[in-house]
Amino acid sequence: MHELPALSRRQLLALAAPLFIRDARAADVPRFTMGVASGQPRPDRLVLWTRLTGIDLPDSVHVQWELAHDEAFQRIAARGTESAEQAWAHSVHAEPGGLAPDRWYFYRFSALGQRSAVGRTRTAPAADAPAKLRYSIASCQRWDHGHYAAWAHMARQEQDLVLFLGDYIYEYGSPANALRLHDGPLLRTLAQYRDRYAQYKSDPALQAAHAACPWLLVWDDHEVENDYANQRGQTLQGEAMLQLRSAAYQAYWEHQPFPKAWRPNGPDMRIYERYDWGRLARIHALDDRQYRDPQACIPAWRSGGATTVQARDCPELQDSRRTLLGAAQERWLDEGWDAQRPWNLLAQQTLMARASSRAVGGPDSGSDTSRDTGRYWTDGWDGYAPARRRLLASAVDRRVPNLVVLGGDVHAHYVADLKTDFDDAKSPVMASEFCGSSISSHGAAQSRVDEILKHNLHLHYGRSDQRGYIAFTLDERRLDAQLMVVAQPQDAASPVQVAARFSVEAGRPGPQRA
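Just so it is clear, the structure is predicted and the values come from calculations on it, not from any experiment.

**Quick word on the overall build of the protein chain**
Now for step 1: Within the protein chain one finds 8 helices and 25 strands.
Now for step 2: At 22 Å, the protein chain has a C-alpha radius of gyration in line with the 24 Å of a compact globule built from 514 residues.
Now for step 3: The C-alpha extent of the protein chain, read off along each of the three principal axes, is 75 × 50 × 40 Å.
Now for step 4: The proportion of buried residues among the 514 residues of the protein chain is 59%.
Now for step 5: For the protein chain, the share of sequence-separated contacts (at least 6 apart) that also reach a separation of at least 24 residues comes to 71%.
Now for step 6: Accessible area for the protein chain stands at about 19300 Å²; split by element, carbon and sulfur atoms hold 48% of it.
Now for step 7: Side chains of the protein chain carry 60 positive and 62 negative charges; the gap between the two charge centres is 3 Å.

Here you go:
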């Protein structure tokens, strides 16, 4: 992997120290302590983000932004003013348009006599332009489980895009012996969610990663509550769950580089979207929480959430009416596969490949579940096997070239072949999967993953004892993946190393060791 030039690296790692305008009237209270971010890159536009801080902020503050071709801001490409409103946590979502495609820019904000750190961002290539793509996937950055050495490392790499696949914050309080404590208890109010984002975004390594390049983000469950499904959570359901969603979704929008059009309406916020990268790839970003059916076979003593079940004891696993994405999103995906570009990247939350912890007859075979000896976690795709089968069959029917599924959630690096029927030895491999480990969140015992690998031969790699991310390089002929691993997750300055390399050749689905 290539690192950024030294000057840019020093800039990006100094994000915790805002640059102050020399103004005798400047307030002493820092106003940009959460750094800056960008996202949603299109060929002609993108989104710039920051949030003003300080307890004495007026209800409304004018914030100036600048986008420049050079880091000295001598050649301005666009500038404007946004109103940061108290009702939306004084967040700023600037949307410069009319930009040149496939171009790098620098950006910054000014308000109340202070100036933010400088971020670096870029537009996507034009729709008909040849392109390459350097990107990383990351997820699951629980604050009280470890430091963010993975982000510090990623911020120093030359890449075009970060795909964040969920669990940006965690809603829990912290045990007294945690490495670094969450501020506050279990999250239940808008103010508490805002404070939790502010705590996470105070980390200089995370700020550096945001400032290094644009991000595309989807949520998973912990941005709201563990294992929630639509209107049902582990502790709340119905109207109470919708009220919690309203608070959580608003705080999510307030703290990410999303356009104003995505601002949530109470408990509703559409985040699924597709993005084209020149004529190279189409990225489909999904939402597997807001529209899903509740998990199968919820224990009677719980209102919701996931569990692990024997297939023979849970016929609901085979109910073809159940969905992980919701009917509307399933149709949207089916209609949006791109048969013209050489690659389709599916950015979603969790492991898609089957991962039974016992020998299995398989939920995908359509066999009688009373004879299935598999054991499945109901929160992931194994809990919605008919929906998985529909999605993969849709890609086959649409003749989608070179489908690569990207995931997170399970706090382990997995590399897998995907099939429409995992039980049929003659079922061809039709897609490739890379599921990245967590930035910091603890993983399951490696012995459990070893048992899963033994019973699922389509899984080529599985390590739950590794924290990190996956870095990719994509061109028309080949996808190269490096599984990055943090040597000491409890050390903010830990080195990060390549644990394994895989590649996918265009026209040959299935990852190969490189």
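**What to know about the confidence of the model for the protein chain**
Now for step 1: Across the protein chain, the average pLDDT comes to 93, with 92% of residues at or above 70.
Now for step 2: Here residues 12–26 scores under 50 on pLDDT; set against residues more than four positions off or in separate chains, the count is 27 contacts.
Now for step 3: Here residues 362–370 is a poorly scored stretch, pLDDT under 50, and it has 32 contacts once near neighbours within four places are set aside; other chains count.

**A few points about helix α5 (residues 239–254)**
Now for step 1: Helix length check: α5, at 16 residues, gives a terminal C-alpha distance of 23 Å against a target of 22 Å (1.5 Å per residue), a fit within 8%.
Now for step 2: Where burial is concerned, most of α5 is hidden: 12 out of the 16 residues are buried.
Now for step 3: What α5 keeps buried is the set Met241, Leu242, Leu244, Arg245, Ala247, Ala248, Tyr249, Gln250, Ala251, Tyr252, Trp253 and Glu254.
Now for step 4: In this structure, the buried side of α5 is in contact with β3 (47–51), β6 (91–94), α3 (190–200) and β12 (215–217).

**A look at the layout of surface pockets**
Think of a ball as big as a water molecule: rolled over the atoms, this probe shows where empty space is left.
Now for step 1: Here the largest pocket is characterised by a volume of approximately 840 Å³.
Now for step 2: Around the largest pocket sit 34 residues that line it, and Trp377, Asp409, Val410, Ala444 and Arg448 are the ones nearest its centre.
Now for step 3: Counting only elements with at least two residues in the lining of the largest pocket, the list comes to β17 (375–377) and α8 (446–455).
Now for step 4: A per-class count over the lining of the largest pocket returns 15 nonpolar, 10 polar and 9 charged.

**As for the sheet that holds strand β20 (residues 431–435)**
Now for step 1: Reading across from one edge, β13-β14-β16-β18-β20-β19-β21 is the order of the 7 strands in this open sheet, with mixed pairing throughout. For this open sheet the edge positions go to β13 (273–277) and β21 (459–463), each flanked by a neighbour on one side alone. Averaged over all pairs of adjacent strands, the angle between their axes in this sheet comes to 15 degrees, without regard to strand direction.
Now for step 2: Here 4 bridges tie strand β19 (residues 413–418) to β21, and the two strands are oriented antiparallel to one another. Pairing of Ala416 across the sheet is with Leu459, part of β21.
Now for step 3: Relative to the sheet, α8 contacts β19 and β21, its axis offset from that of β21 by approximately 175 degrees.

**Quick notes on the nonpolar core**
Now for step 1: The biggest cluster of nonpolar side chains holds 80 residues, and the ones touching the most others in it are Tyr135, Trp151, Leu406 and Phe434.
Now for step 2: When residues of this core are assigned to their parent elements, the largest contribution, 8 residues, is made by α5.
Now for step 3: In this view, Leu406 contacts Tyr135, Ile137, Leu163, Leu165, Leu345, Leu346, Ala347, Gln348, Phe434 and Phe472; residues no more than four positions away in its chain are not counted.
Now for step 4: The next biggest cluster of nonpolar side chains, apart from the first, holds 32 residues, and it includes Leu324, Tyr384, Ala431 and Leu459.

**Things to note about the state of the cysteines**
Now for step 1: As enumerated under the stated definition, the model contains 1 disulfide in all.
Now for step 2: Disulfide partner of Cys297: Cys314, at an S-S distance of 2.0 Å. Every disulfide takes its handedness from the sign of the S-S torsion; for Cys297 and Cys314 that torsion is 105 degrees, giving right-handed. Placement of the pair is Cys297 in the loop between β14 (281–285) and β15 (308–310) and Cys314 in the loop between β15 and α6 (327–336), with a sequence separation of 17 residues.
Now for step 3: For Cys314, a relative accessible area of 0% gives the class buried.
Now for step 4: Cys140 forms no disulfide, and the closest cysteine sulfur to it belongs to Cys435, at a distance of 8.5 Å.
Now for step 5: Cys140 sits in the buried class, given a relative accessible area of 1%.
Now for step 6: With no disulfide of its own, Cys213 has Cys140 as its nearest cysteine by sulfur position, at a separation of 19 Å.

**Some words on the environment of Arg448**
Now for step 1: As for its placement among the helices and strands, Arg448 is situated in helix α8.
Now for step 2: Sequence spacing of Arg448 and Ser464 is 16 residues, and the spatial spacing of their C-alpha atoms is 8.8 Å.

**Examining unusual backbone geometry**
Excluding glycine, residues mostly carry a negative phi; peptide bonds, for their part, are mostly trans.
Now for step 1: We note that Cys140 has phi near 60 degrees; this positive angle belongs to a residue other than glycine.
Now for step 2: Residues other than glycine seldom take positive phi values, yet Asn402 does so here, at roughly 50 degrees.
Now for step 3: Checked against the element boundaries, Asn402 lands in the loop between α7 (385–397) and β18 (403–407).
Now for step 4: By relative accessible area, which is 18% here, Asn402 ends up buried.

**Thoughts on the side chain of Arg194**
Now for step 1: Looking at where Arg194 falls in the secondary structure, it is placed in helix α3.
Now for step 2: Here Arg194 falls in the buried class, since its relative accessible area comes to 16%.
Now for step 3: Look past the residues within four positions of Arg194 in its chain and what remains in contact with it is Arg51, Gln86, Ala87, Trp88, Ala89, Gln250, Ala251, Glu254 and His255.

**Focus: the packing of aromatic side chains**
Now for step 1: Scanning the model with the defined rule gives 19 aromatic pairs in all.
Now for step 2: Through a chain of ring-to-ring contacts, the aromatic side chains of Trp151, Phe164, Tyr168, Tyr197 and Trp215 assemble into a single cluster.

**Here we look at the side chain of His145**
Now for step 1: Mapped onto the fold, His145 is located in the loop between β10 (133–138) and α2 (149–155).
Now for step 2: The contacts of His145, once residues within four sequence positions are left out, are Leu179, Ser440, Ser441 and His442.

**Thoughts on the pairing of strand β25 (residues 508–513)**
Now for step 1: Pairing of strand β24 (residues 496–505) with β25 involves 3 bridges; the strand directions are antiparallel. Of the residues in β25, the one forming a bridge with Ser503 is Gln512.

The rules we used
Residues numbered from 1 in each chain as written. Predicted model: local features only at pLDDT ≥ 70, side-chain atom pairs only at ≥ 80, totals over all residues. Heavy atoms only, no water. Helix = DSSP H or I, 4+ residues; strand = E, 2+ residues; numbered from the N terminus. Rg over C-alpha atoms; globule rule 2.2 N^0.38 Å. Buried < 20%, exposed > 50% of the residue type's maximum accessible area, 1.4 Å probe, protein only. Contact = heavy atoms within 4.5 Å. Areas by Shrake-Rupley, 256 points an atom, 1.4 Å probe, with all protein chains shown as cover. Lys, Arg positive; Asp, Glu negative; His and termini not counted. Charge placed at Lys NZ, Arg CZ, Asp CG, Glu CD. pLDDT = per-residue confidence, 0-100. Expected span 1.5 Å × (residues − 1). 1 Å grid on protein atoms, 1.4 Å probe; cavity = no way out; pocket = protein on both sides within 12 Å on 5 of 7 lines; lining within 4 Å. Points joined across faces, edges and corners; volume = space filled by probe spheres on them. Nonpolar A, V, L, I, M, F, W, Y, C, P; charged D, E, K, R; others polar. Pairing = 2+ DSSP bridges. Axes fitted to C-alpha atoms, helices over the stretch in contact; angles between N-to-C directions. Core = buried A, V, L, I, M, F, W, Y, C linked by side-chain atoms within 4.5 Å. Disulfide = S-S within 2.5 Å. Phe/Tyr/Trp six-rings, centres within 6.5 Å; stacked < 30°, edge-to-face > 60°.

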